[in-house]
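Below, each chain spelled out in residue letters.
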Amino acid sequence: MHVVPVVTEQQFEEALALRIAVFVDEQGVDPDSERDDIDDDPRTLHALCYADTGALLGVGRLVAPGTDTAHGAGAGLGAMSPDVPHIGRVAVGIEGRGAGAGTALMAFLEAEALARFGEEGAVRVELSAQDQAMPFYARLGYETFGEGYLDEGIGHHDAFKIVRAPHTP
Ligand SMILES: CC(C)(COP(=O)(O)OP(=O)(O)OC[C@H]1O[C@@H](n2cnc3c(N)ncnc32)[C@H](O)[C@@H]1OP(=O)(O)O)[C@@H](O)C(=O)NCCC(=O)NCCS
């Protein structure tokens, strides 16, 4: 599998279609909340993970520090700082789960966060994690902070990780 940034409108539509299948059709999120202004912010990076067959496995996005989160799902509900990059909308199609696509997407988005916003080889990344997905994020090194909350009726906690440049010998 491999992860690439979205660069074409067609790729963006592919990403949205998968998000709708996972968040709207599977989890019952309101489609008007799922698609938001952050998607169209030029500083938002969308990523796609493809299988070697070319099938789309999963998607995610990196939101730049200072992006207006007033319209984002989870906005104003938790305690995430607007001053750091956020990772969000991480979704792997139901048939592709458990094969490493989510991990590959997170590695790509974290590396981009470090490259774009890191200082002295480190960057704090935050995300709003569905409670059911928190074991996935915890395994990647994320720690929860603040109180839990409901977003779209789904239990969430905010979580953070200090992403550091890999040690180079
Ligand atoms: C959460 C999600 C993105 C994980 O993607 P994935 O491709 O299945 O994850 P990976 O295959 O990289 O899994 C890595 C590890 O996390 C574990 N894991 C993944 N999702 C998990 C979950 N929901 N609960 C507990 N463990 C989970 C896997 O079992 C695996 O552990 P292992 O290597 O010890 O077996 C995917 O399940 C998904 O899209 N779920 C629906 C949408 C969602 O919840 N998105 C997150 C919103 S905050």
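Above this note sits the structure.
Quick look at the structure, then. Computed from a predicted structure; not experimentally measured.

**Remarks on empty space enclosed by the protein**
Part 1: Here the structure, examined in full by the defined rule, presents 1 cavity of 30 Å³ or more.
Part 2: Of the volumes computed, that of the largest cavity is approximately 30 Å³.
Part 3: Around the largest cavity sit Ala 15, Arg 19, His 46, Ala 47, Val 59, Gly 60, Arg 61 and Arg 89, which together line it.
Part 4: Looking at the lining of the largest cavity, the elements with two or more residues in it are helix 1 (9-26), strand 2 (45-50) and strand 3 (56-63).
Part 5: Per element, the largest residue contribution to the lining of the largest cavity is 3 residues, and it comes from strand 3.
Part 6: Split into classes, the residues belonging to the lining of the largest cavity amount to 3 nonpolar, 2 polar and 3 charged.

**Some words on the site of the ligand**
Part 1: The local shell around the ligand holds 22 residues, among which Val 92, Gly 100, Gly 102, Thr 103 and Gln 132 are the closest.
Part 2: Between the ligand and Gly 100, the relevant distance is 2.8 Å, taken from an oxygen atom to a main-chain nitrogen or oxygen of the residue.
Part 3: One of the side-chain N or O atoms of Arg 139 is found 3.0 Å from an oxygen atom in the ligand.
Part 4: For the ligand, whose free accessible area comes to 890 Å², the fraction covered by protein is 73%.
Part 5: Only helix 1, strand 4 (86-92), helix 3 (101-117), strand 5 (122-130) and helix 4 (134-139) provide two or more residues apiece to the shell around the ligand.
Part 6: Top contributing element to the shell around the ligand by residue count: helix 4, with 4 residues.

**Some thoughts on helix 1**
Part 1: The end-to-end C-alpha distance of helix 1, which contains 18 residues, comes to 24 Å, matching closely the 26 Å that a straight helix rising 1.5 Å per residue would cover.
Part 2: Where helix 1 bends most, at Ile 20, the angle is about 30°.
Part 3: Those residues of helix 1 that sit buried are Gln 11, Phe 12, Ala 15, Leu 16, Leu 18, Arg 19, Val 22, Phe 23 and Val 24.
Part 4: Here the buried face of helix 1 lies against strand 1 (2-5), helix 2 (31-34), strand 2, strand 3, strand 4 and strand 5.
Part 5: Once helix 1 finishes, Gly 28 follows within two positions and takes phi at roughly 85°, a positive value.

**Section: unusual backbone geometry**
Part 1: In this structure, Arg 89 takes a positive phi of about 50° despite not being glycine.
Part 2: Position of Arg 89 relative to the elements: it lies in strand 4.
Part 3: Phi angles above zero are rare outside glycine, and Glu 120 is one such case at about 50°.
Part 4: Note that Glu 120 resides in the loop between helix 3 and strand 5.
Part 5: A residue is classified by how much of its surface remains accessible, and Glu 120, at 85% relative accessible area, is exposed.

Thresholds, definitions, all that
Residues numbered from 1 in each chain as written. Predicted model: local features only at pLDDT ≥ 70, side-chain atom pairs only at ≥ 80, totals over all residues. Heavy atoms only, no water. 1 Å grid on protein atoms, 1.4 Å probe; cavity = no way out; pocket = protein on both sides within 12 Å on 5 of 7 lines; lining within 4 Å. Points joined across faces, edges and corners; volume = space filled by probe spheres on them. Helix = DSSP H or I, 4+ residues; strand = E, 2+ residues; numbered from the N terminus. Nonpolar A, V, L, I, M, F, W, Y, C, P; charged D, E, K, R; others polar. Near = heavy atom within 4 Å. Polar contact = N/O pair within 3.5 Å; in protein donor to acceptor, adjacent residues only side chain to side chain. Areas by Shrake-Rupley, 256 points an atom, 1.4 Å probe, with all protein chains shown as cover. Expected span 1.5 Å × (residues − 1). Bend = angle between axes of the 7 residues up to and from the residue. Buried < 20%, exposed > 50% of the residue type's maximum accessible area, 1.4 Å probe, protein only. Contact = heavy atoms within 4.5 Å.

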